[in-house]
Amino acid sequence: MLQETRLHRIRALLTTQHQVSTERIINELGISRETARRDIIELEAQGLARRVHGGLVAVDSQTEAPLQVRRSAQAKEKRAISVAAAQHLQPGQTLFLDAGTTTTMLAEQLRSMAGLTIITNSLQAAQALSAAEEHETLNNQVILLGGMMMAGAQQTRGEITVSEIYRYRADVALLSPVGIDAKNGASSFHPHEAAIARAMVQQAARTFLLADHSKLGVISRTVYAPIGEVDLLICDSGPAKAGALAALQQALPQVQVV
């Protein structure tokens, strides 16, 4: 039985039972204890379940809010985060920007800088960076990644987008995750968004995460960057997030709170 099939069956058990013991996984799938252990580790690495003594517990992943809702949520905090992120950048650098709402705000900040090469799959970010009259010269080189379009998302996606990312090397990947957790790292709700973010992390020398307080301590469906691959988190403290923020400050080499 392929691992993909096994993981699908274990997830089906978690959907109905919420918690599944290692013994049940072994019996239901007819696999060895070592294979069950590897599958349990893989599901936790993907952010789809959490290991506990004797088995797995499902990780509750809420559906991601529509784009228009995400744009307006914590807008003040996102603006402050984007301003702080721009201060870490300098002319001559090559940057990856994903299609998150906070990174789109960052694009507006970068327009006033000069000498950057900015590679993004976000139509909104590309438009913000290239907003000028036809006779004007842009301050930065803007590269919009090709790929498939998704209705209403205003971003490119899919295998073409990911393969294009691997053509480049960047100094910094600036990403806006759905969740950032001290144990599980950065995650996204949609697998296609996670694939793009993962490729950007792999092709960049450093990874900066831009996350408002609502994302701290959150584990979404698909993990794309283990905590050890994150160089800087820029966030706001927000209400009722002190524990998650403290854990991240211990786990990461640098956390900037705006």
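Residues numbered from 1 in each chain as written. Predicted model: local features only at pLDDT ≥ 70, side-chain atom pairs only at ≥ 80, totals over all residues. Heavy atoms only, no water.

Looking at this structure, how should I read the pattern of salt bridges?
Pairing is possible between side chains that carry opposite charge, provided their charged atoms lie close to one another. Per the counting criterion, the structure on display carries 9 salt bridges. Among the ionic pairs, glutamate 28 bridges to arginine 24, the shortest N-O distance being 3.2 Å. Here arginine 24 and glutamate 28 lie together in helix α2 (residues 22-29), a separation of 4 residues that amounts to about one turn. Exposure remark for arginine 24: the relative accessible area of 33% places this residue in the partly exposed category. Note that arginine 79 and glutamate 108 form a salt bridge whose closest N and O atoms lie 2.6 Å from each other. Here arginine 79 is found in helix α5 (residues 75-86), whereas its partner glutamate 108 is found in helix α6 (residues 101-110), with 29 residues between them in sequence. (Salt bridge = Lys/Arg side-chain N within 4 Å of Asp/Glu carboxyl O. Helix = DSSP H or I, 4+ residues; strand = E, 2+ residues; numbered from the N terminus. Buried < 20%, exposed > 50% of the residue type's maximum accessible area, 1.4 Å probe, protein only.)

Is there a simple way to explain the environment of leucine 14 in this structure?
Relative to the helices and strands, leucine 14 resides in helix α1 (residues 3-17). Separated by 41 residues in sequence, leucine 14 and glycine 55 place their C-alpha atoms 11 Å apart.

When you look at the sheet that holds strand β1 (residues 19-21) in this model, what are you seeing that I'm missing?
Strands in a sheet are paired, the pairing made by backbone hydrogen bonds, and the direction either parallel or antiparallel. Taken in spatial order, the 3 strands line up as β1-β3-β2 in an open sheet, and their pairing is antiparallel. Each of the sheet's edge strands pairs with one partner strand only, and the pair in question is β1 and β2 (49-52). Here the average twist between neighbouring strands, direction ignored, is 25°. Here β2 runs beside strand β3 (residues 55-58); their pairing, made up of 4 bridges, is antiparallel. (Pairing = 2+ DSSP bridges. Axes fitted to C-alpha atoms, helices over the stretch in contact; angles between N-to-C directions.)

I'm lost on the packing of aromatic side chains in this one. Help?
Remark: the centre distance and the inter-plane angle together describe each pair of aromatic rings, the angle taken between the planes. Tallied over the full model, the rule gives 0 aromatic pairs. Between arginine 221 and the ring centre of phenylalanine 189, over which it is positioned, the NZ or CZ distance is 4.0 Å. (Phe/Tyr/Trp six-rings, centres within 6.5 Å; stacked < 30°, edge-to-face > 60°. Lys NZ or Arg CZ within 6 Å of the ring centre and 35° of its normal.)

Would you take a moment to explain α5 for this structure?
Helical geometry note: an α-helix holds 3.6 residues per turn, so side chains three or four residues apart project in the same direction. Along its 12 residues, α5 runs 17 Å from first to last C-alpha, staying within 8% of the 16 Å computed at 1.5 Å per residue. Listed in full, the buried residues belonging to α5 are Lys78, Ile81, Ser82, Ala84, Ala85 and Ala86. (Expected span 1.5 Å × (residues − 1).)

How should I be thinking about the environment of isoleucine 165 in this particular structure?
For isoleucine 165, the location among the structural elements is in helix α8 (residues 159-165). We classify isoleucine 165 as buried; its relative accessible area is 0%. In this structure, the C-alpha to C-alpha distance between isoleucine 165 and phenylalanine 208, residues 43 residues apart in sequence, is 17 Å. In this view, isoleucine 165 contacts Phe96, Leu145, Ile196, Ala199, Met200 and Gln203; residues no more than four positions away in its chain are not counted. (Contact = heavy atoms within 4.5 Å.)

Is there a simple way to think about α6 in this case?
Taking burial as the measure, the 10 residues of α6 include 8 buried ones, the bulk of the element. Those residues of α6 that sit buried are Thr101, Thr102, Thr103, Thr104, Met105, Leu106, Ala107 and Leu110.

Could you clarify how one ought to interpret the nonpolar core in this entry?
The tendency in soluble globular proteins is for nonpolar side chains to be buried as a group. Counting residues in hydrophobic clusters, the biggest one holds 30 residues, and the most contacted among them are Phe96, Leu175, Ile180, Met200, Leu209, Tyr224 and Leu233. Breaking this core down by element, the ones donating at least two residues are α8, β9 (170-175), α9 (191-202), β12 (204-211), β13 (222-225), β14 (232-235) and α10 (242-251). Among the elements that make up this core, the one with the highest residue count is α9 (6 residues). Excluding its chain neighbours within four sequence positions, the residues that come into contact with methionine 200 are Phe96, Leu97, Asp98, Ile119, Asn121, Leu145, Ile165, Ala173 and Leu175. Leu97, Met113, Leu174 and Phe208 belong to the second largest nonpolar core, which has 22 residues in total. (Core = buried A, V, L, I, M, F, W, Y, C linked by side-chain atoms within 4.5 Å.)

Where do I start with the side chain of threonine 103 in this structure?
Tracing the backbone shows threonine 103 in helix α6. Judged by its relative accessible area of 0%, threonine 103 falls in the buried class. A polar contact of 2.9 Å, which involves the side chain of threonine 103, links it to the backbone oxygen of glycine 100. Every residue in contact with threonine 103, bar those within four places of it in the chain, is listed here: Leu97, Asp98, Leu174, Leu175, Ser176 and Leu210. (Polar contact = N/O pair within 3.5 Å; in protein donor to acceptor, adjacent residues only side chain to side chain.)

Whenever I open this one, the packing of α5 against α6 confuses me. Can you help?
Geometrically, a packed helix pair is captured by the angle between its two axes and the distance between the axes. Closest axis-to-axis distance for the α5/α6 pair is 8 Å, and the angle between their directions is 50°. It follows that α5 is oblique to α6 by the angle criterion. As for how α5 packs across α6, the hand of that crossing is right-handed. Across from Ala75, Lys78, Arg79, Ile81, Ser82, Val83, Ala85 and Ala86 in α5, the residues of α6 making contact are Thr101, Thr102, Met105, Leu106, Glu108, Gln109 and Leu110. A breakdown of the residues in the contact of α5 with α6 according to their chemical character gives 8 nonpolar, 4 polar and 3 charged. (Parallel < 35°, antiparallel > 145°, perpendicular 65-115°, else oblique. Left-handed = near helix turned anticlockwise from the far one by under 90°. Nonpolar A, V, L, I, M, F, W, Y, C, P; charged D, E, K, R; others polar.)

Which parts of the structure should I look at to understand the sheet that holds β13?
Pairing within the open sheet is antiparallel, and its 3 strands lie in the order β10-β11-β13. The sheet is open, and its two edges are formed by β10 (179-181) and β13, each paired on a single side. Along the sheet, successive strands turn relative to each other by an average axial angle of 35°, direction set aside. Sheet topology places strand β11 (residues 185-188) next to β13; 3 bridges connect them, and they run antiparallel. In the sheet register, serine 187 faces β13, and the bridge partner there is valine 223. On the sheet, α9 packs against β11 and β13 and is oriented at approximately 15° with respect to β13.

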